[in-house]
Structures are given as structure tokens and as C-alpha cells.
Amino acid sequence: MEDESFINELQSGDSGAFRKLLKLYRSLVYNTCLGMLQHAEDAEDMTQEVFIEVYRSVKNFRMESKMSTWLYRVATNKCLDHLRSKQRGKRSGETVRIDGEVNVQIPAGHNFSHPGVALEQKERAKILFAAISCLPENQKVAFTLAKVEGLSYQEICEVMQMKLPAVESLVHRAKQNLKNLLKNYYQSEK
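Residues numbered from 1 in each chain as written. Predicted model: local features only at pLDDT ≥ 70, side-chain atom pairs only at ≥ 80, totals over all residues. Heavy atoms only, no water.

Caption draft 1: View of the nonpolar core. Core analysis: the largest hydrophobic core is formed by 41 residues, its most contacted members being Leu21, Cys33, Met67 and Leu71. Of all the secondary structure elements, the ones that give two or more residues to this core are α1 (4–11), α2 (15–37), α3 (40–57), α4 (67–89), α6 (137–148), α7 (153–160) and α8 (164–189). Considering each element in turn, this core owes the most residues, 11 residues, to α2. Counting residues in each nonpolar core, the second largest holds 11 residues, with Phe129, Phe143, Leu178 and Leu182 among its members. (Core = buried A, V, L, I, M, F, W, Y, C linked by side-chain atoms within 4.5 Å. Buried < 20%, exposed > 50% of the residue type's maximum accessible area, 1.4 Å probe, protein only. Helix = DSSP H or I, 4+ residues; strand = E, 2+ residues; numbered from the N terminus.)

Caption draft 2: Region of the structure containing the side chain of His82. Mapping His82 onto the fold places it in helix α4. On the accessibility criterion, His82 (19% relative accessible area) is buried. Excluding anything up to four places from it in sequence, His82 contacts Leu37, Asp42 and Met46. (Contact = heavy atoms within 4.5 Å.)

Caption draft 3: Just a negative patch on the surface, in detail. The grouping of Asp3, Glu4, Glu9 and Asp14 at the surface amounts to a negative patch. Structurally, Asp14 can be placed in the loop between α1 and α2. (Patch = residues over 30% accessible without salt bridge, like charges linked within 9 Å, V, L, I, M, F, W, Y side chains within 5 Å. Areas by Shrake-Rupley, 256 points an atom, 1.4 Å probe, with all protein chains shown as cover. Salt bridge = Lys/Arg side-chain N within 4 Å of Asp/Glu carboxyl O. Lys, Arg positive; Asp, Glu negative; His and termini not counted. Charge placed at Lys NZ, Arg CZ, Asp CG, Glu CD.)

Caption draft 4: Seen up close, the pattern of salt bridges. Under the defined criterion, the tally for this structure stands at 7 salt bridges. Put simply, Asp42 and Lys86 hold a salt bridge, and the shortest N to O gap is 3.0 Å. Of this pair, Asp42 sits in helix α3 while Lys86 sits in helix α4, placing them 44 residues apart in sequence. Note on Asp42: relative accessible area 14%, which makes it buried. When its relative accessible area of 43% is taken as the criterion, Lys86 is described as partly exposed. With a shortest N-O distance of 3.8 Å, Lys78 and Glu53 are connected by a salt bridge.

Caption draft 5: Representation of α1 in the model. Those residues of α1 that sit buried are Phe6, Ile7, Leu10 and Gln11. Angular distribution of buried residues about the axis of α1 spans 135°; they occupy a single face of the element. Just beyond α1, the residue with positive phi is Gly13, at close to 90°. (Arc of directions from axis to C-beta.)

Caption draft 6: Here's a closer look at the packing of aromatic side chains. What the rule picks out here adds up to 3 aromatic pairs. Pairing Phe18 with Tyr55 gives two aromatic rings, centres 5.1 Å apart and planes at 75°, and the pair type is edge-to-face. You can see Phe18 sitting in helix α2 and its partner Tyr55 sitting in helix α3, a full 37 residues away along the chain. Note on Phe18: relative accessible area 15%, which makes it buried. Here the aromatic rings of Phe61 and Trp70 are separated by 5.1 Å at their centres, their planes lie at 35°, and the arrangement is tilted. What makes Trp70 buried here is its relative accessible area of 12%. Chaining the aromatic ring pairs together yields one cluster made of Phe18, Phe51 and Tyr55. (Phe/Tyr/Trp six-rings, centres within 6.5 Å; stacked < 30°, edge-to-face > 60°.)

It is worth stressing that arrangement in space is one thing and function is another; only the former is reported here.
Right, dumping it as C-alpha cells:
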């Protein structure tokens, strides 16, 4: 748990405390947004939105969880809202099939490369992130937090406000869905 005096400074509107919060957590929020949105500019925009939301609502932070847990929750909710609004405005467009029978389709223009992926793995990572983007919302959040952000299942429970068995189930189903989505791709790689 963070220092209670730091939280109190934030809640009283101390700009120095907010700058410290930005310094401490900007990377965490940006990386979470990047993993969820798979687009650097959108991730940067959502990072700003997250900190605007945090600034507006920090007075309501009850110190029942860690600050990082709350920030993950705000970031994932902002990203999901962004993805939903993008989905509503999306027109059906051309998609590119990866390989004959492969079930994963990469939308035209989907060229996401996660900066943490080694150069020789970039192409596979693009395929994986395209498949992750096809997962249902809760599976996408749980899988991204577990496998991209490296959170423990207990931390994911706190972020998603779910019980452990539900999170374990979401990650398991996400893995199964990814396996099904990617099986033809990886069979063709052999």
C-alpha cells in the first residue's frame, strides 16, 4: 500500500504529488494502454485520458487497493470504452487473410509491433496481437494483464474486481481461443 500521506496530498490537489504520480506510473499506464489498444498514438491519448480521470476522481480513491491496481482498472476501462466507440464507428473493410485456412484475420492497416518484442519475433507478435484483439473483452483484459503486463492472478482479480476462479477461467478460455485462432498459422509454419 502506498504512503497514506502521498495519497492525502493527491486528494488535496497538490500539483507536486500529481507530478510524482505521473513520474511513478506513466510507463505502467502507457504500457497497459499499448497492450490493450495495439496502437502507439491511441495508447498515448488514452494515457492522458487516464491521468485526467485520475486527477478528477482521486478524491474518491478509498485506499482499499494499491494505487497501481486502481490505475490498471482506470486504464483498462478507458481502453475498453475507446475500443467500443471505435467498433461502433467502424465500417466493414477489407481484411487480409494470413494464410489460406487461418482463422485470424488482420484488418488492413493493422501493423502493431509491440516495442518489447525481439526483432526476430516481430512478425509472430503481430499475428498474436491480431488474435488477441479478436478475443471477447474480459478474456482480452485478463490475458493482456497476465501475459503482456505480467500481473499475478490475484492482482488481476483486484483490477477486474472478480474472484480468482473467474480470472483463472478467463485466462484459460483466452488461451484456448488463441490456440484455436492460431493453430492453422502455426501448422503452416512447420
